[in-house]
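Coordinate analysis (summary)
What follows is the residue order along each chain.
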2 protein chains.
Amino acid sequence: MTFMEMLKNAWKINNSLVCVGLDPDLKKMPDCVKNEKYPIFAFNKAIIDATKDAVCSYKPQAAMYAGMNADEELGMTIDYIHEVAPAVPVILDAKRADIGNTTAMYAKEAFERYNADAITVNPYMGMDALKPFLDRADKGVIVLCRTSNGGAKEVQELRLESGEMLYQRIAKLISHDWNYNGNTMLVAGATFPEELGEIRKIVGDTPLLVPGIGAQGGDLAGVLKNGLTADKTGLVINSSRGIIYASNGTDFAEAAGKAAQELKDQINALR
Amino acid sequence: MTFMEMLKNAWKINNSLVCVGLDPDLKKMPDCVKNEKYPIFAFNKAIIDATKDAVCSYKPQAAMYAGMNADEELGMTIDYIHEVAPAVPVILDAKRADIGNTTAMYAKEAFERYNADAITVNPYMGMDALKPFLDRADKGVIVLCRTSNGGAKEVQELRLESGEMLYQRIAKLISHDWNYNGNTMLVAGATFPEELGEIRKIVGDTPLLVPGIGAQGGDLAGVLKNGLTADKTGLVINSSRGIIYASNGTDFAEAAGKAAQELKDQINALR
């Protein structure tokens, strides 16, 4: 099954648009996992067990593992998801891009070393820099378009000679020229629901990965109003801190499961 | 000493603008290192020993190590450079960018885990996404501007309402707004020497990292003509494959040393 088929299937069987961001942070993790041999994996494993029926995907953030020298635990985490939740795709949030022969090595990292189903990438270097990802019809390629950070507009909202803003042109490129294998998605932050709506108009039914709910203060109702496709899907709404750090006591996994279920219900009530 | 001081010092003491790209590729490496316990490190070590007096910097490409599960050898390589060539700064070519709290983990990866002196980063998410790098006055932050790949113009040469092309606006942002610690550089590919000249006009004496010499067919004379600063420096001219794979026999290190010296001499004859 391709990533795109897995995603559509996961939306359906779990009746959920929720993606859980697996962004481990030793300072926020409960004491009860800190004495484990693999504390990050122990934490993630409990979170996955508690949330796997409420989500359409998981999104480990590569930076967290890289900064903590925890590459092995990233691999263990993704393997564990494939084992206990084989219908739920894994998005490696890595925001990569480089010249072609180098990007091929990042594709090897994401899809062979870590066995991810999709990866986030950066459009600044153009299509040829992303080709080793785009060529993988079986994998998902999720391109940054309008990101959730406050300063994104400094570059992404530059006005082009054509009248469009840069992110609108990027949305066209991604959903038309770069989508030759039907495997692209776009990142559109929940913190800018109007721009997310502009992107939806440009890209048709291409799914959007939506970060920025929760700690970043994104607007869930605005996201659903402007971002849903006609069949009431088309969105992968990520929450990281709001779910995985719902409690830092021994009940952390239970609290995460409850938070994921609540977000799922909140979204389903609005769609 | 800050990265910028190290670079200026290395230009002077080695009388060289050459950067050697340490992009290991098991298919191209000589058989004589393949039986070593750490073949990539053994290869890099010999290359470093043979080139260290002819260069102003080294640039390991993060993707290569990530794709080959060779993070440990990346660390060993950077440590070895600091040991035997303490005056030569190390640029981790990683092209990172993410939202602020996540970028902080990439900064930890580059500057604490790997002890690099500088990192390459991607401007698409705006300044706030790069702040954990830019805030490190002691480290170098080398931002993509006009990259060396053929397809770069698809995005980087989009014409803005103001009449500038996107890469020109990015050059302004980097060298003015984002340079509050005087620690930025820009990437300008040798394959587009005219655009490199446009960047030089915008950024004053800010140094440029120039990939694309050698296998990518960059124009060395054009780069020097358009890119040198008044004091005949201002450039870090990278060659990877042309130096490290100059021979794939037992003389690979000697051949690399010779190739680095030749490129240094060729550049010095033109400046």
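Structure's up top.
Quick look at the structure, then.

Conventions we followed
- Residues numbered from 1 in each chain as written.
- Chains lettered and ligands numbered in written order.
- Predicted model: local features only at pLDDT ≥ 70, side-chain atom pairs only at ≥ 80, totals over all residues.
- Heavy atoms only, no water.
- Pairing = 2+ DSSP bridges.
- Helix = DSSP H or I, 4+ residues; strand = E, 2+ residues; numbered from the N terminus.
- Axes fitted to C-alpha atoms, helices over the stretch in contact; angles between N-to-C directions.
- Least-squares fit on C-alpha atoms with pLDDT ≥ 70 in both.
- Phe/Tyr/Trp six-rings, centres within 6.5 Å; stacked < 30°, edge-to-face > 60°.
- Buried < 20%, exposed > 50% of the residue type's maximum accessible area, 1.4 Å probe, protein only.
- Lys NZ or Arg CZ within 6 Å of the ring centre and 35° of its normal.
- Contact = heavy atoms within 4.5 Å.
- Buried area = accessible area lost by both parts, 1.4 Å probe.
- Salt bridge = Lys/Arg side-chain N within 4 Å of Asp/Glu carboxyl O.
- Polar contact = N/O pair within 3.5 Å; in protein donor to acceptor, adjacent residues only side chain to side chain.
- Nonpolar A, V, L, I, M, F, W, Y, C, P; charged D, E, K, R; others polar.
- Right-handed = clockwise from strand over helix to strand, strands pointing away.
- Parallel < 35°, antiparallel > 145°, perpendicular 65-115°, else oblique.
- Left-handed = near helix turned anticlockwise from the far one by under 90°.

As a further point, take the sheet that holds strand β6 (residues 184-188) of chain B. All names here are of chain B. Here we have eight strands laid out as an open sheet, ordered β2-β1-β8-β7-β6-β5-β4-β3, and parallel in their pairing. Where the open sheet ends on each side, the last strands, each with one partner, are β2 (57-60) and β3 (91-96). Across the sheet, the mean angle separating the axes of adjacent strands is 30° when strand polarity is ignored. In the sheet, strand β7 (residues 208-210) pairs with strand β8 (residues 235-239) via three bridges, with the strands oriented parallel. By the bridge assignment for β8, Val 210 is matched with Ile 237.

Superposition record for chain A on chain B: RMSD 0.0 Å, screw rotation 180°, translation along axis 0.0 Å. The relationship between the two copies is best expressed as a two-fold rotation axis.

Within the structure shown, the criterion is met by eight aromatic pairs over all chains. Aromatic side chains Phe 43 of chain A and Phe 252 of chain A sit 5.3 Å apart centroid to centroid with 15° between the ring planes, which places their arrangement in the stacked category. With a gap of 209 residues between them, Phe 43 of chain A in helix α3 (residues 39-51) and Phe 252 of chain A in helix α13 (residues 252-270) connect regions that are remote in the sequence. Neither Phe 43 of chain A nor Phe 252 of chain A differs from the other in exposure class; each is buried. The interplanar angle of 20° and the centroid separation of 5.7 Å between the aromatic rings of Phe 43 of chain B and Tyr 245 of chain B together place this pair among those described as stacked. Highlighted residues: Phe 43 of chain B in helix α3 (residues 39-51) and Tyr 245 of chain B in the loop between α12 (241-244) and α13 (252-270), separated in sequence by 202 residues. Comparing Phe 43 of chain B with Tyr 245 of chain B shows no difference in burial state: the two are buried. Each residue in the set Phe 43, Tyr 245 and Phe 252 of chain A is aromatic and connected to the rest through ring pairs, giving one cluster. A cation sits over an aromatic face here: Arg 146 of chain A above Phe 192 of chain A, 3.8 Å from the ring centre.

Listed as interface residues are 56 residues of chain A and, on the opposing side, 56 residues of chain B. Buried area between chain A and chain B, summed over both chains or domains, comes out near 4500 Å², and the portion from carbon and sulfur atoms is 56%. In this assembly, chain A and chain B are joined by four salt bridges. Between Arg 113 of chain A and Asp 71 of chain B there is a salt bridge whose closest N-O contact spans 2.6 Å. Summed over the shared surface of chain A and chain B, the number is 29 residue pairs in polar contact (both at pLDDT 80 or more). When contributions to the side of chain A that touches chain B are tallied by element, the ones reaching two or more residues are α4 (62-67), β3 (91-96), α6 (100-113), β5 (140-146), α8 (153-156) and α9 (166-175) of chain A. At seven residues, α6 of chain A tops the list of elements feeding residues into the side of chain A that touches chain B. By residue class, the composition of the side of chain A that touches chain B is 27 nonpolar, 14 polar and 15 charged.

Attention now moves to the pairing of strand β4 (residues 118-121) of chain A. All names here are of chain A. With burial as the criterion, each face of β4 is covered, one bearing Ala 118 and Thr 120 and the other bearing Ile 119 and Val 121. Judged from the three bridges that link them, β3 and β4 form a sheet pairing that is parallel. If you follow Ile 91 over to β4, its bridge partner there is Ala 118. For the crossover that starts at β3, traverses α6 and ends in the parallel β4, the hand is right-handed. As paired elements, β4 and β5 share four bridges and run parallel to each other. Of the residues in β5, the one forming a bridge with Ile 119 is Val 141.

Residues and elements named next belong to chain B. The N-to-C vectors of α3 and helix α5 (residues 71-84) enclose an angle of 25°; their axes lie 9 Å apart at closest approach. Considering the angle they form, α3 stands roughly parallel to α5. Crossing of α3 against α5: the hand is right-handed. From α3, Pro 39, Ile 40, Phe 41, Asn 44, Lys 45, Ile 48 and Asp 49 reach across to α5, where they touch Glu 73, Met 76, Thr 77, Tyr 80, Ile 81 and Val 84. In terms of residue class, the contact of α3 with α5 is made up of eight nonpolar, two polar and three charged.

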